[in-house]
Amino acid sequence: MRIGILGTGNLATALGAAWVRAGHDVVVGGRSPEKAEAAAAAMGAGTVTGDPGRGGTATRGTARAGATPAEAVAGQDAVLLAVTWTGVPDILRAAGAAGGALSGTVLIDPVNAVDHGVGEHLVADGRAAAEHIAELAPGAHVVKAFHLFPADQWSPGRAPVTVPIAGDDEAALHTAAGLVRDAGAEPAAVGPLRRARQLEEAAGLVIALVFAGHDPGAAVPHVPARATARA
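Residues numbered from 1 in each chain as written. Predicted model: local features only at pLDDT ≥ 70, side-chain atom pairs only at ≥ 80, totals over all residues. Heavy atoms only, no water.

Caption draft 1: Looking closely at the environment of Ala 41. Structurally, the position occupied by Ala 41 is in helix α2 (residues 33–43). Assessed through its relative accessible area of 59%, Ala 41 is described here as exposed. Separated by 24 residues in the primary sequence, Ala 41 and Ala 17 place their C-alpha atoms 9.5 Å from one another. (Helix = DSSP H or I, 4+ residues; strand = E, 2+ residues; numbered from the N terminus. Buried < 20%, exposed > 50% of the residue type's maximum accessible area, 1.4 Å probe, protein only.)

Here it is in C-alpha coordinates:
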(Lines give C-alpha, C1' and ligand atoms only; values in the text may rest on other atoms or scores of the structure.)
Protein backbone atom coordinates (compact mmCIF):
# COMPACT_ATOMS: atom_id res chain seq x y z
CA MET A 1 0.00 0.00 0.00
CA ARG A 2 1.13 3.58 -0.66
CA ILE A 3 0.96 5.67 2.51
CA GLY A 4 1.54 9.38 2.94
CA ILE A 5 2.49 10.75 6.34
CA LEU A 6 1.96 14.37 7.31
CA GLY A 7 4.23 15.01 10.27
CA THR A 8 7.79 14.20 11.28
CA GLY A 9 7.53 13.59 15.04
CA ASN A 10 7.81 10.46 17.14
CA LEU A 11 4.40 8.98 16.30
CA ALA A 12 4.78 9.63 12.58
CA THR A 13 8.22 7.99 12.59
CA ALA A 14 7.19 5.00 14.70
CA LEU A 15 4.08 4.15 12.68
CA GLY A 16 5.91 4.78 9.41
CA ALA A 17 8.64 2.36 10.48
CA ALA A 18 6.06 -0.26 11.45
CA TRP A 19 4.38 0.02 8.07
CA VAL A 20 7.69 -0.15 6.22
CA ARG A 21 8.46 -3.34 8.13
CA ALA A 22 5.08 -4.68 6.95
CA GLY A 23 5.98 -3.98 3.32
CA HIS A 24 4.26 -0.66 2.65
CA ASP A 25 5.76 2.28 0.75
CA VAL A 26 5.75 5.49 2.78
CA VAL A 27 6.27 9.12 1.77
CA VAL A 28 6.80 11.67 4.56
CA GLY A 29 5.96 15.36 4.36
CA GLY A 30 6.25 18.17 6.86
CA ARG A 31 6.90 21.87 7.25
CA SER A 32 10.65 21.18 7.29
CA PRO A 33 12.13 19.18 4.39
CA GLU A 34 15.15 18.41 6.57
CA LYS A 35 12.98 16.88 9.30
CA ALA A 36 11.06 14.91 6.67
CA GLU A 37 14.36 13.51 5.38
CA ALA A 38 15.41 12.56 8.91
CA ALA A 39 12.07 10.90 9.65
CA ALA A 40 12.20 8.88 6.44
CA ALA A 41 15.75 7.77 7.22
CA ALA A 42 14.69 6.70 10.72
CA MET A 43 11.90 4.59 9.26
CA GLY A 44 14.53 2.62 7.35
CA ALA A 45 14.71 1.41 3.80
CA GLY A 46 12.56 -1.63 4.51
CA THR A 47 12.72 -4.85 6.46
CA VAL A 48 12.02 -8.29 5.06
CA THR A 49 8.88 -9.88 6.48
CA GLY A 50 7.90 -13.51 6.12
CA ASP A 51 10.27 -16.44 5.87
CA PRO A 52 11.20 -17.33 2.27
CA GLY A 53 12.95 -20.45 3.56
CA ARG A 54 9.60 -21.75 4.83
CA GLY A 55 7.52 -20.75 1.87
CA GLY A 56 6.91 -17.18 3.02
CA THR A 57 7.14 -14.13 0.79
CA ALA A 58 9.88 -11.58 1.35
CA THR A 59 8.33 -8.11 1.23
CA ARG A 60 10.30 -4.90 1.44
CA GLY A 61 8.78 -1.51 2.07
CA THR A 62 10.37 1.85 1.43
CA ALA A 63 10.40 5.26 3.07
CA ARG A 64 11.32 8.57 1.48
CA ALA A 65 10.70 12.25 2.06
CA GLY A 66 8.42 14.27 -0.16
CA ALA A 67 9.63 17.72 -1.14
CA THR A 68 6.37 19.20 0.15
CA PRO A 69 3.31 18.01 2.09
CA ALA A 70 1.39 18.08 -1.20
CA GLU A 71 3.85 15.63 -2.73
CA ALA A 72 3.61 13.37 0.31
CA VAL A 73 -0.15 12.91 -0.11
CA ALA A 74 -0.39 12.78 -3.91
CA GLY A 75 -1.65 9.45 -5.21
CA GLN A 76 -1.59 7.70 -1.84
CA ASP A 77 -3.99 4.97 -0.72
CA ALA A 78 -3.99 6.31 2.84
CA VAL A 79 -2.59 9.32 4.67
CA LEU A 80 -1.62 9.60 8.34
CA LEU A 81 -2.14 13.04 9.90
CA ALA A 82 0.39 13.00 12.74
CA VAL A 83 0.76 16.58 13.90
CA THR A 84 -0.37 18.58 16.92
CA TRP A 85 -3.92 19.88 17.01
CA THR A 86 -2.71 23.46 16.52
CA GLY A 87 -0.66 22.36 13.51
CA VAL A 88 -3.56 20.66 11.71
CA PRO A 89 -4.86 23.65 9.67
CA ASP A 90 -1.41 24.63 8.37
CA ILE A 91 -0.31 21.14 7.33
CA LEU A 92 -3.63 20.37 5.63
CA ARG A 93 -3.46 23.71 3.84
CA ALA A 94 0.06 22.91 2.68
CA ALA A 95 -1.10 19.50 1.47
CA GLY A 96 -3.82 21.10 -0.65
CA ALA A 97 -6.66 19.52 1.31
CA ALA A 98 -9.02 22.46 0.87
CA GLY A 99 -8.72 22.06 -2.89
CA GLY A 100 -9.59 18.36 -2.79
CA ALA A 101 -6.10 16.84 -2.68
CA LEU A 102 -7.33 14.28 -0.13
CA SER A 103 -10.73 13.64 -1.66
CA GLY A 104 -11.42 9.90 -1.75
CA THR A 105 -8.35 9.17 0.39
CA VAL A 106 -8.38 7.40 3.75
CA LEU A 107 -7.18 10.02 6.25
CA ILE A 108 -6.10 8.47 9.55
CA ASP A 109 -6.35 10.89 12.46
CA PRO A 110 -4.39 10.19 15.68
CA VAL A 111 -4.54 13.85 16.77
CA ASN A 112 -5.21 14.56 20.44
CA ALA A 113 -7.04 17.87 20.74
CA VAL A 114 -6.62 18.03 24.50
CA ASP A 115 -4.82 20.32 26.91
CA HIS A 116 -1.47 18.61 27.52
CA GLY A 117 -1.04 17.76 31.18
CA VAL A 118 -4.68 18.50 31.99
CA GLY A 119 -6.54 16.39 29.45
CA GLU A 120 -9.42 18.80 28.86
CA HIS A 121 -10.82 18.64 25.31
CA LEU A 122 -10.01 21.78 23.34
CA VAL A 123 -12.96 21.64 20.91
CA ALA A 124 -15.70 23.63 22.60
CA ASP A 125 -18.61 22.90 20.27
CA GLY A 126 -19.05 19.30 21.47
CA ARG A 127 -17.99 17.71 18.20
CA ALA A 128 -14.94 15.54 17.68
CA ALA A 129 -11.71 17.06 16.50
CA ALA A 130 -11.89 14.39 13.78
CA GLU A 131 -15.11 15.97 12.50
CA HIS A 132 -13.39 19.33 12.20
CA ILE A 133 -10.52 17.64 10.36
CA ALA A 134 -13.05 16.18 7.93
CA GLU A 135 -14.29 19.70 7.20
CA LEU A 136 -10.74 20.89 6.53
CA ALA A 137 -10.20 17.99 4.11
CA PRO A 138 -13.37 17.83 1.99
CA GLY A 139 -14.01 14.42 0.46
CA ALA A 140 -11.45 12.63 2.64
CA HIS A 141 -12.57 9.50 4.49
CA VAL A 142 -11.44 10.35 8.01
CA VAL A 143 -10.84 7.53 10.48
CA LYS A 144 -9.92 8.21 14.10
CA ALA A 145 -7.18 5.78 15.18
CA PHE A 146 -3.81 5.41 16.95
CA HIS A 147 -4.39 8.29 19.39
CA LEU A 148 -4.34 6.39 22.70
CA PHE A 149 -0.84 4.91 22.74
CA PRO A 150 2.61 6.53 22.83
CA ALA A 151 4.95 6.20 19.89
CA ASP A 152 7.09 3.47 21.46
CA GLN A 153 4.10 1.11 21.40
CA TRP A 154 4.83 0.62 17.70
CA SER A 155 8.39 -0.61 18.22
CA PRO A 156 9.12 -4.27 17.43
CA GLY A 157 8.42 -6.78 20.18
CA ARG A 158 5.83 -4.82 22.13
CA ALA A 159 2.81 -6.65 23.57
CA PRO A 160 -0.21 -6.33 21.27
CA VAL A 161 -2.91 -3.79 22.11
CA THR A 162 -6.39 -2.93 20.87
CA VAL A 163 -6.79 0.23 18.79
CA PRO A 164 -10.31 1.73 18.72
CA ILE A 165 -11.22 3.24 15.37
CA ALA A 166 -14.20 5.32 14.24
CA GLY A 167 -15.31 6.52 10.82
CA ASP A 168 -18.22 6.89 8.44
CA ASP A 169 -16.90 5.00 5.42
CA GLU A 170 -16.83 1.18 5.63
CA ALA A 171 -14.07 0.80 3.05
CA ALA A 172 -11.93 3.35 4.89
CA LEU A 173 -12.51 1.54 8.17
CA HIS A 174 -11.40 -1.70 6.50
CA THR A 175 -8.22 -0.03 5.22
CA ALA A 176 -7.47 1.51 8.62
CA ALA A 177 -8.11 -1.83 10.35
CA GLY A 178 -5.56 -3.46 8.06
CA LEU A 179 -2.97 -0.82 8.90
CA VAL A 180 -3.65 -1.32 12.61
CA ARG A 181 -2.95 -5.03 12.21
CA ASP A 182 0.18 -4.29 10.18
CA ALA A 183 1.41 -2.19 13.10
CA GLY A 184 0.99 -5.21 15.38
CA ALA A 185 -2.33 -4.36 17.05
CA GLU A 186 -5.98 -5.40 16.89
CA PRO A 187 -8.55 -2.90 15.54
CA ALA A 188 -11.91 -2.34 17.21
CA ALA A 189 -14.43 -0.35 15.17
CA VAL A 190 -16.70 1.56 17.58
CA GLY A 191 -18.99 3.37 15.15
CA PRO A 192 -19.28 6.49 12.98
CA LEU A 193 -16.98 9.48 13.11
CA ARG A 194 -19.13 11.31 15.66
CA ARG A 195 -18.09 8.61 18.16
CA ALA A 196 -14.53 9.92 17.82
CA ARG A 197 -15.37 12.54 20.44
CA GLN A 198 -15.65 9.74 22.99
CA LEU A 199 -12.30 8.33 21.90
CA GLU A 200 -10.70 11.75 22.17
CA GLU A 201 -12.16 12.30 25.64
CA ALA A 202 -10.77 8.90 26.64
CA ALA A 203 -7.31 10.08 25.62
CA GLY A 204 -7.82 13.18 27.72
CA LEU A 205 -8.68 11.02 30.73
CA VAL A 206 -5.56 8.90 30.21
CA ILE A 207 -3.40 12.03 30.00
CA ALA A 208 -4.98 13.53 33.12
CA LEU A 209 -4.42 10.32 35.11
CA VAL A 210 -0.80 10.01 34.00
CA PHE A 211 0.04 13.59 34.94
CA ALA A 212 -1.68 13.10 38.29
CA GLY A 213 0.57 10.11 38.98
CA HIS A 214 -1.98 7.34 38.44
CA ASP A 215 -1.87 4.23 36.27
CA PRO A 216 -4.66 4.56 33.65
CA GLY A 217 -4.83 0.77 33.34
CA ALA A 218 -5.76 0.49 36.98
CA ALA A 219 -8.62 2.98 36.54
CA VAL A 220 -10.49 0.90 33.96
CA PRO A 221 -12.30 -2.26 35.12
CA HIS A 222 -11.41 -5.51 33.40
CA VAL A 223 -14.53 -6.86 31.71
CA PRO A 224 -14.31 -10.11 29.69
CA ALA A 225 -14.83 -9.45 26.01
CA ARG A 226 -17.57 -11.05 23.96
CA ALA A 227 -16.64 -12.82 20.74
CA THR A 228 -17.30 -10.41 17.87
CA ALA A 229 -16.56 -10.15 14.17
CA ARG A 230 -13.23 -8.60 13.20
CA ALA A 231 -13.23 -5.08 11.81
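The rest of the description comes next.
Caption draft 2: Structural view of the environment of Ile 133. In this fold, Ile 133 is placed in helix α5 (residues 129–136). Sequence-distant contacts of Ile 133, that is, excluding residues within four places in its chain, are made with Leu 81, Trp 85, Val 88, Leu 92, Leu 107, Asp 109, Val 111 and Val 142. (Contact = heavy atoms within 4.5 Å.)

Caption draft 3: Inspection of the pattern of salt bridges at higher detail. All told, the structure shown has 9 salt bridges when counted by the stated rule. With a shortest N-O distance of 3.3 Å, Arg 158 and Asp 152 are connected by a salt bridge. When its relative accessible area of 44% is taken as the criterion, Asp 152 is described as partly exposed. Beyond isolated ion pairs, a larger network of salt bridges with shared partners links Asp 109, Lys 144 and Glu 200. (Salt bridge = Lys/Arg side-chain N within 4 Å of Asp/Glu carboxyl O.)

Caption draft 4: The arrangement of helix α1 (residues 10–21) in detail. Compared with the 16 Å implied by 1.5 Å per residue over 12 residues, the 16 Å span of α1 between its first and last C-alpha is a close match. Here α1 has its buried residues at Leu 11, Ala 12, Thr 13, Ala 14, Leu 15, Gly 16, Ala 17, Ala 18, Trp 19 and Val 20. If you follow the buried residues of α1, they end up packed against β1 (2–6), β2 (25–29), α2, β3 (62–65), β4 (78–81) and α6 (170–182). Just beyond α1, the residue with positive phi is Gly 23, at close to 100 degrees. (Expected span 1.5 Å × (residues − 1).)

Caption draft 5: The nonpolar core, seen in detail. Ranked by size, the top nonpolar core spans 38 residues in total, and within it Trp 19, Phe 146, Trp 154 and Val 163 carry the most contacts. It is α1 that contributes the most residues to this core, 8 residues altogether. Those residues in contact with Val 163 that sit more than four places away from it in its chain are Ala 145, Phe 146, Phe 149, Trp 154, Val 180, Ala 185, Glu 186, Pro 187 and Ala 188. If you look at the next biggest cluster of nonpolar residues, it comprises 20 residues, including Leu 6, Ile 133, Val 142 and Ala 196. (Core = buried A, V, L, I, M, F, W, Y, C linked by side-chain atoms within 4.5 Å.)

Caption draft 6: The arrangement of unusual backbone geometry in detail. At Phe 146, a position not held by glycine, the phi torsion is positive, near 65 degrees. Locating Phe 146 in the fold gives a position in the loop between β6 (141–144) and β7 (162–167).

Caption draft 7: Inspection of the pairing of strand β5 (residues 106–109) at higher detail. Neither face of β5 is exposed, since Val 106 and Ile 108 on one face and Leu 107 and Asp 109 on the opposite face are all buried. As judged from the 3 bridges shared by β4 and β5, these two strands associate in the parallel manner. When the sheet's bridge partners are listed, Val 79 is paired in β5 with Leu 107. Regarding the hand of the β-α-β motif, the stretch spanning β4, helix α4 (residues 88–95) and β5 is right-handed. Inspection of the sheet shows β5 paired to β6 by 4 bridges, in the parallel sense. By the bridge assignment for β6, Asp 109 is matched with Lys 144. (Pairing = 2+ DSSP bridges. Right-handed = clockwise from strand over helix to strand, strands pointing away.)

Caption draft 8: Representation of the packing of aromatic side chains. Scanning the model with the defined rule gives 3 aromatic pairs in all. Arranged with centres 5.8 Å apart and planes meeting at 75 degrees, the rings of Trp 19 and Phe 146 form a pair that is edge-to-face. Pair noted here: Trp 19 is in helix α1 and Phe 146 is in the loop between β6 and β7, with a separation of 127 residues, a long-range link. Neither Trp 19 nor Phe 146 differs from the other in exposure class; each is buried. Between the aromatic rings of Phe 149 and Trp 154, the centroid separation amounts to 6.3 Å while the plane-to-plane angle is 80 degrees, which identifies the pairing as edge-to-face. For Phe 149, a relative accessible area of 25% gives the class partly exposed. A network of ring pairs unites the aromatic residues Trp 19, Phe 146, Phe 149 and Trp 154 as a single cluster. (Phe/Tyr/Trp six-rings, centres within 6.5 Å; stacked < 30°, edge-to-face > 60°.)

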